[in-house]
Amino acid sequence: MTSFGERLRVAVDTHGRLCLGLDPHASLLAQWGLPDSAEGARELALSAVDAAQGRVGVVKPQVAFYERFGAAGYAVLEEVIGHARAQGLLVIADAKRGDIGSTMAAYGAAWLDPDSPLSADAMTIVAYQGLDSAAPAIDLAREHGRGLFVLTATSNPEARDVQQSISGTGRTVAGQLARDVAVKNAGTIGWGMLGVVIGATEPIARTGIDPVLLAHTPVLAPGFGFQGGRLGALRDLFGLAADSVVASVSRSVLGAGRDGMADALDAHRQELAA
Ligand SMILES: O=C(O)c1cc(=O)[nH]c(=O)n1[C@@H]1O[C@H](COP(=O)(O)O)[C@@H](O)[C@H]1O
């Protein structure tokens, strides 16, 4: 079976390193003239998947924007994930789950088991319980060719006090988590099945993460566009980890509206390539 790392590499080599976030914010639904309902979220997300087709290889629905509509929202999320995957897009479910091992097994089953109605190619997780608490989800992902992205240095400014503080190992919390992930990918040829999330709102040098460690570790990088990170500055921001980056944008594309999304995606791609 092809691993998630290999599939992600092919998607990036084919379509470039941009990922489109499928985030139906209430403000975007209003801007699009759609109802603030599961049906509105469905219409926005399915239109975004259509615009993504042939322009990006990866999409990332943030599940909170569906969850807020309860069961109806989850039904839409199932449809959006299924539709995107059927179109050949890789789907990262941005669920940001984290818990003790036995519960992580259930989260893995929900988002990564091929038989689950929410089955995605990868999910985001929080590992403040220690990366090994995610072992059951990691094992399940490996078995089925799926992946996980571990939050290490997030894009929001409030995160710094925690994530850049020095842990018991002498490294920053972010640096230690990134190292733990990289160690699990060691020995992989190309990209491993475990990635890290590093925000694009400040240079990696400030996070305490050693970019050299990330040669085999894909880096999901949100924070470009609406949050201020510049795609054209990707190499300056990520330094020696730049080649591992998948740059994620949501509002800066979706905010261009139904008819403007395709052009916005093309403009973002050009900015990345420049
Ligand atoms: O894991 C994420 O994707 C994530 C991590 C992070 O540090 N910062 C961050 O913004 N995100 C997500 O990335 C998306 C950013 O959206 P825009 O700011 O609209 O491009 C949202 O879905 C966030 O939940």
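Residue numbering note: each chain is counted from 1, following its sequence as written. Only residues with pLDDT of at least 70 get local features here, since the model is predicted, and only at 80 or more are side-chain atom pairs given and counted; chain-wide, interface and lining totals rely on the full set of residues.

**Digging into the overall build of the protein chain**
Going along the chain from the N terminus, every DSSP run of H or I of four or more residues is numbered as a helix, and every run of E of two or more is numbered as a strand. Across its full length, the protein chain carries twelve helices and eight strands. For a compact globule the rule gives 2.2 Å times the number of residues to the power 0.38, and the radius of gyration it is set against comes from C-alpha atoms. Whereas a compact globule of 274 residues would reach a radius of gyration of roughly 19 Å, the protein chain reaches 17 Å, a difference of no more than 12%. Taking the principal axes of its C-alpha atoms as reference, the protein chain extends roughly 50 × 40 × 35 Å. Any residue with 12 or fewer other C-beta atoms within 10 Å of its own C-beta is exposed, any with 20 or more is buried, and the rest are partly exposed; the C-beta atoms used are placed from the backbone. Residues counted as buried form 50% of the 274 residues belonging to the protein chain. Two residues qualify as being in contact provided that their C-beta atoms, derived from the backbone, are within 7 Å of each other. A fraction of 73% describes how many contacts in the protein chain between residues 6 or more apart in sequence connect residues 24 or more apart.

**Considerations on the site of the ligand**
Of all residues adjacent to the ligand, which total 19 residues, the nearest are Q62, T154, P222, S250 and R251. Taken together, the elements giving at least two residues each to the shell around the ligand come down to β8 (245-249) and α11 (251-254). For this classification, the nonpolar set comprises Ala, Val, Leu, Ile, Met, Phe, Trp, Tyr, Cys and Pro, the charged set comprises Asp, Glu, Lys and Arg, and every other residue, Gly included, is treated as polar. Here the residues of the shell around the ligand are counted per class, giving four nonpolar, twelve polar and three charged. Placing a C-beta atom from the backbone of each residue, we mark the residue near a molecule or strand if the atom is within 6 Å of it.

**Concerning helix α1 (residues 4-15)**
The length a helix should cover is 1.5 Å for every residue beyond the first. End to end, α1 covers 16 Å across twelve residues, agreeing with the expected 16 Å (1.5 Å per residue, within 8%). Every buried residue belonging to α1 is among F4, G5, R7, L8, A11, V12 and H15, and all of these are buried. For α1, the arc enclosing every buried residue in end-on projection is 165°, short of the 170-degree limit, so these residues lie on one face. Residues of α1 that are exposed and point more than 90 degrees away from the buried face comprise D13 and T14. If you follow the buried residues of α1, they end up packed against β2 (58-61), β3 (90-97), β4 (122-125), α7 (135-144), β5 (147-153) and β8. To obtain the arc, one takes the directions from the helix axis to the C-beta atoms.

None of this, on its own, says anything about what the molecule does.
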